[in-house]
Amino acid sequence: MIIVSAGHVDHGKTALIRALTGVDTTHLPEEKKRGMTIDLGYAYLPSADGKILGFIDVPGHERFLSNMLAGVGGVDYAMLVVAADEGIKPQTEEHLTILQLLEFKRIMLVITKADKVSSQRITDLQRQLFTRYPFLTQSAVFITSAVNGTGIAELKRHLSALELCHDSSKPFRYAIDRIFHVKGAGKVVTGTAFGGKVESDDRVYLSSSSATPLRVKQIHAQNRPNGSGVAGQRLALNLGGETEKQPILRGDWLFSTPQAISSERITLLLNPIQGLKSSHAIHLYHAASHTTATLTLLEKTAAKSGETVLAEAVLQQPLFLAFGDKLILRSGDNRQTVAGAKVLEINSPTRYKRNEVRLAYLWRLVQAKNIEQRMALYLQQGCVEQSAVCWLEQLHDRQFLDLQQCLGFKSVQHCSFDGEYEHLQQQRLLQAVRHYHQQYGDQLGVSKARLQRIAALKQPQIVIYRFIQDLLDSGQLAQTRGWIHLPDHKIAFTVQEQALWQQVEAAFSAAQGQALWVRDLAKQLGYDETAMRNFLYKAGKQGYLIAIIRDRFFLSQTVYAYADRIKQHIRQHGAISVNELRDQLQFGRKMTVQLIEYFDKCGFLRRKGDSHLLRDGDIFEIS
């Protein structure tokens, strides 16, 4: 458990922690020289029940406010330190505002230097504090003196009774605030565990370079050697691996997963403490991380102090944020705290962010009481990726599966969706096939890849392919030689047309795999060119012929044979070019280009530079 001390400079924070623990938290020569805390200081106190309390002594001077903000990240309990002889000062108010905005579980009021003033002065100070900050009336109050020990024992007992409230069942997430080298041990980092658990020999991943894992060689939890560390503890980790090749900086994170997701555009629930305009330049603090950003209100042109509003922040540097993470926002010149915030979304959408439907969704997200309710809301927005949800909600894969069993949603590989989404996408697929038949009556059907692009371009391909297969299995769609169509989409020859087809088929057989033009067939068989054109396109609708360009036809079985040769070539070589296909078929270049461009257009192949890759291998399969 970690407890942060906050308050104005020279109000006795360091002396108070020394009285509680016997440790002087001023560790930098400059701090000792100037008599003030510049960087974070740490001390530890074993309690009677075996717990170890960790104390963070944060700087009180406004110039060192960024260090103070780094210290309060991931901590639930705080002591607001106010000197009895000086009372409320600027950083008293500043620190108390930050503690309140970060919604600390409990803030204890500790009045120090009681030996320097009368009891009446202390009573007046308490009254002044309670009047100015009414919420402090719910706080435990301790009157102390580091000189004569007044109130120290009572404060120790109170702190020892506090409960650890972090969740160690989540994935490991650890904010780094110090990095140093220990002779004989190597690279050591210190920081606060925001969630999860880490053990010796675990593999962890650095936020700035997750390609290569690092090994946790040794752990100090709450300043003692330990085989493991858990959320809510102050941890020192001795790291092994390629630490010299991966520069580690203050503000970096360690994770138990390499799939950490950073964000440059986030949606926030904002609690301003001063008036804000619609668009605002800010400094944004999260744990030991700090960046600048542009803040935009989503519902209003301005927000008043005390309002709760929705906002978007576009960050100059990406941060690793999860749902509910608490942030502090300061003015563009970094002189004033302007708001506190909670993270609602990461990588939020760039368009339609102010429409009524979206804003209503965000407020429902705010009001959701648990992960089950939030997951139901995520699914209402469409198909979601398991990895994205697991990161946002800080879940292990097994916890996600438990959530799926509880809510009953479906998954295809790592994409999850509810029944409403499935029904909507299937109806869009059916409508797209109907429209295709109306628009391209000379085609037997549409390829699976093209249907996905027509009906559900921005949806996961693997999910849409599953829906297409389900529609085929249920008989709502049919498939002929790889082409998808409605079951009742059928065309038949008349008796006269059947006789003509026999002549046409014989002409194609005599051509020995070559394409024929409408005008040439009409002339050869003694038919009117327009009548022959209409007949050949009708034959195409039934799947007997394929027009690779207007008025130039192949027998379908010939195209299928060429497609099979192309698939075999691609399996061996990965792609095929026009020249390679020309050499195989012994065609002229113009004919080869027309054929391969047809394969691209119908969705069988896709062009990449001078090569053509297989897009949909189900087309031109005899079924």
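Residues numbered from 1 in each chain as written. Predicted model: local features only at pLDDT ≥ 70, side-chain atom pairs only at ≥ 80, totals over all residues. Heavy atoms only, no water.

1. What to know about the overall build of the protein
No. 1: The helix and strand inventory of the protein stands at 19 helices and 34 strands.
No. 2: For 623 residues, the compact-globule formula gives about 25 Å, and the C-alpha radius of gyration of the protein, at 35 Å, lies well above that figure.
No. 3: Every one of the 623 residues in the protein was classed for burial, and the buried ones make up 52%.
No. 4: Sequence separation of at least 24 residues holds for 66% of the intrachain contacts in the protein that already meet a minimum separation of 6.
No. 5: For the protein, the exposed surface amounts to about 28,800 Å²; the carbon and sulfur share of it is 46%.
No. 6: One finds the centroid of the 74 positive side-chain charges in the protein at a distance of 2 Å from the centroid of its 61 negative side-chain charges. (Helix = DSSP H or I, 4+ residues; strand = E, 2+ residues; numbered from the N terminus. Rg over C-alpha atoms; globule rule 2.2 N^0.38 Å. Buried < 20%, exposed > 50% of the residue type's maximum accessible area, 1.4 Å probe, protein only. Contact = heavy atoms within 4.5 Å. Areas by Shrake-Rupley, 256 points an atom, 1.4 Å probe, with all protein chains shown as cover. Lys, Arg positive; Asp, Glu negative; His and termini not counted. Charge placed at Lys NZ, Arg CZ, Asp CG, Glu CD.)

2. Digging into the packing of helix H18 (residues 578-585) against helix H19 (residues 589-602)
Any two packed helices are characterised by how steeply their axes cross, that is the angle between the axes, and by the distance between the axes.
No. 1: For the pair H18 and H19, interaxial distance at closest approach is 9 Å and the crossing angle is 115°. One finds that H18 runs roughly perpendicular with respect to H19. Considering only the axes of H18 and H19, their crossing is right-handed. Touching Val578, Asn579, Leu581, Arg582 and Leu585 of H18 are Arg589, Thr592, Val593, Leu595 and Ile596, all from H19.
No. 2: Tallied by class, residues from the contact of H18 with H19 come to 6 nonpolar, 2 polar and 2 charged. (Axes fitted to C-alpha atoms, helices over the stretch in contact; angles between N-to-C directions. Parallel < 35°, antiparallel > 145°, perpendicular 65-115°, else oblique. Left-handed = near helix turned anticlockwise from the far one by under 90°. Nonpolar A, V, L, I, M, F, W, Y, C, P; charged D, E, K, R; others polar.)

3. A short note on helix H6 (residues 152-160)
No. 1: Residues of H6 that are buried: Ile152, Leu155, Leu159 and Ser160. Seen along its axis, H6 keeps its buried residues to an arc of 130°; they face one direction. (Arc of directions from axis to C-beta.)

4. Structural notes on the packing of aromatic side chains
No. 1: Summed over the entire model, instances satisfying the criterion amount to 25 aromatic pairs.
No. 2: Note on Phe194 and Trp253: the rings are 5.1 Å apart at their centroids and 70° apart in plane angle, and the pair reads as edge-to-face. Here Phe194 is found in strand E8 (residues 186-195), whereas its partner Trp253 is found in strand E15 (residues 253-255), with 59 residues between them in sequence.
No. 3: Between Phe599 and Phe620 the ring centres are 5.4 Å apart and the planes differ by 80°, which places this aromatic pair in the edge-to-face class. (Phe/Tyr/Trp six-rings, centres within 6.5 Å; stacked < 30°, edge-to-face > 60°.)

5. Focus on the sheet that holds strand E32 (residues 576-577)
No. 1: Spatially, E32-E34-E33 is the arrangement adopted by the 3 strands of the open sheet, whose pairing is antiparallel. Each end of this open sheet is capped by a strand with a single partner; those strands are E32 and strand E33 (605-608).
No. 2: Packing of helix H17 (residues 556-573) onto the sheet brings it into contact with E32, E33 and strand E34 (611-614), and relative to E34 it is tilted by some 95°. (Pairing = 2+ DSSP bridges.)

6. Focus: the pairing of strand E30 (residues 545-549)
No. 1: One ladder, built from 4 bridges, connects E30 with strand E31 (residues 552-555); its direction is antiparallel. Directly across from Leu545, in E31, lies its bridge partner Leu555.
No. 2: The turn joining E30 and E31, which pair antiparallel and follow one another in sequence, is formed by 2 residues; a positive phi near 70° is taken by Asp551.

7. Re helix H14 (residues 495-510)
No. 1: Helix length check: H14, at 16 residues, gives a terminal C-alpha distance of 23 Å against a target of 22 Å (1.5 Å per residue), a fit within 8%.
No. 2: Residues of H14 that are buried sit in contact with strand E29 (516-517), helix H15 (518-525), helix H16 (529-541), E30 and E31. (Expected span 1.5 Å × (residues − 1).)

8. Description of the layout of surface pockets
No. 1: Volume-wise, the largest pocket comes out at about 1,400 Å³.
No. 2: For the largest pocket, the lining is made up of 37 residues, of which Pro349, Tyr378, Gln381, Gly382 and Cys383 are closest to its centre.
No. 3: Counting residues per element, the ones that place at least two in the lining of the largest pocket are strand E23 (337-346), helix H7 (356-367), helix H8 (371-380), strand E24 (384-385), helix H9 (386-393) and helix H11 (419-439).
No. 4: The dominant element in the lining of the largest pocket, judged by the number of residues it contributes, is H11, at 5 residues.
No. 5: Along the lines of polarity and charge, the residues of the lining of the largest pocket split into 20 nonpolar, 9 polar and 8 charged. (1 Å grid on protein atoms, 1.4 Å probe; cavity = no way out; pocket = protein on both sides within 12 Å on 5 of 7 lines; lining within 4 Å. Points joined across faces, edges and corners; volume = space filled by probe spheres on them.)

9. A few points about the pattern of salt bridges
No. 1: What the rule picks out here adds up to 19 salt bridges.
No. 2: Here Asp618 and Lys448 are joined by a salt bridge, their closest N and O atoms 2.7 Å apart. Of this pair, Asp618 sits in the segment after E34 while Lys448 sits in helix H12 (residues 448-455); the two residues are 170 residues apart in sequence, bridging distant segments of the chain.
No. 3: Several salt bridges converge on common partners, so that one network encompasses Arg265, Glu312 and Lys353. (Salt bridge = Lys/Arg side-chain N within 4 Å of Asp/Glu carboxyl O.)

10. What to know about the environment of Ala161
No. 1: You can see Ala161 is positioned in the loop between H6 and strand E7 (173-182).
No. 2: The spatial distance from the C-alpha of Ala161 to the C-alpha of Arg18 is 20 Å, given a sequence separation of 143 residues.

11. Quick look at the side chain of Arg374
No. 1: Looking at where Arg374 falls in the secondary structure, it is placed in helix H8.
No. 2: By relative accessible area, Arg374 is classed as buried at 11%.
No. 3: A distance of 2.7 Å separates the side chain of Arg374 from the side chain of Glu393, its partner in a polar contact.
No. 4: Leave out the neighbours within four places in its chain, and Arg374 touches Phe323, Leu365, Ala368 and Glu393. (Polar contact = N/O pair within 3.5 Å; in protein donor to acceptor, adjacent residues only side chain to side chain.)

12. Focus on the pairing of E23
No. 1: Counting buried residues in E23 gives 9 out of 10 residues, a clear majority hidden from the surface.
No. 2: Here strand E16 (residues 263-272) runs beside E23; their pairing, made up of 7 bridges, is antiparallel. Bridge pairing in E23 places Asn271 opposite Gly340.
No. 3: Direction of pairing for strand E22 (residues 326-331) relative to E23: antiparallel, over a ladder of 5 bridges. Bridged to Ile328 within E23 is Gly340.
No. 4: Here E22 folds back onto E23, and the loop between the two strands holds 5 residues, one of which, Asn334, carries a positive phi near 65°.

13. Considering the confidence of the model for the protein
No. 1: The share of residues in the protein with pLDDT of 70 or more is 92%, and the mean pLDDT across the chain is 87.
No. 2: For residues 60-64, every residue scores under 50 in pLDDT, and the model assigns this stretch 17 contacts once sequence neighbours within four places are set aside. (pLDDT = per-residue confidence, 0-100.)

14. Quick notes on the sheet that holds E22
No. 1: With antiparallel pairing, 6 strands are arranged side by side around a closed barrel as E16-E21-E19-E18-E22-E23. On average, adjacent strands in this sheet sit at an angle of 40° to one another, irrespective of strand direction.
No. 2: In this structure, E16 lies alongside strand E21 (residues 309-319), joined through 7 bridges in antiparallel fashion. Across the sheet, Leu270 pairs through a bridge with Val309, a residue of E21.
No. 3: Contacts from helix H4 (residues 90-101) reach E16, E22 and E23, with the element oriented near 20° to E23.
No. 4: In the packing of H7 onto the sheet, the strands contacted are E16, E21 and E23, and the crossing angle to E23 comes to about 100°.

15. Points about the environment of Trp391
No. 1: Positionally, Trp391 belongs in helix H9.
No. 2: For the pair Trp391 and Gly526, spaced 135 residues apart in sequence, the C-alpha to C-alpha distance is 71 Å.
No. 3: Those residues in contact with Trp391 that lie beyond four places of it in its chain are Arg173, Phe255, Ala260, Ile261, Phe320, Leu321, Ala322 and Ile346.

16. What to know about the side chain of Lys448
No. 1: Take Lys448: its relative accessible area is 15%, and that puts it in the buried class.
No. 2: In contact with Lys448, not counting residues within four places along its chain, are Tyr465, Ile468, Ile484, Asp616 and Asp618.

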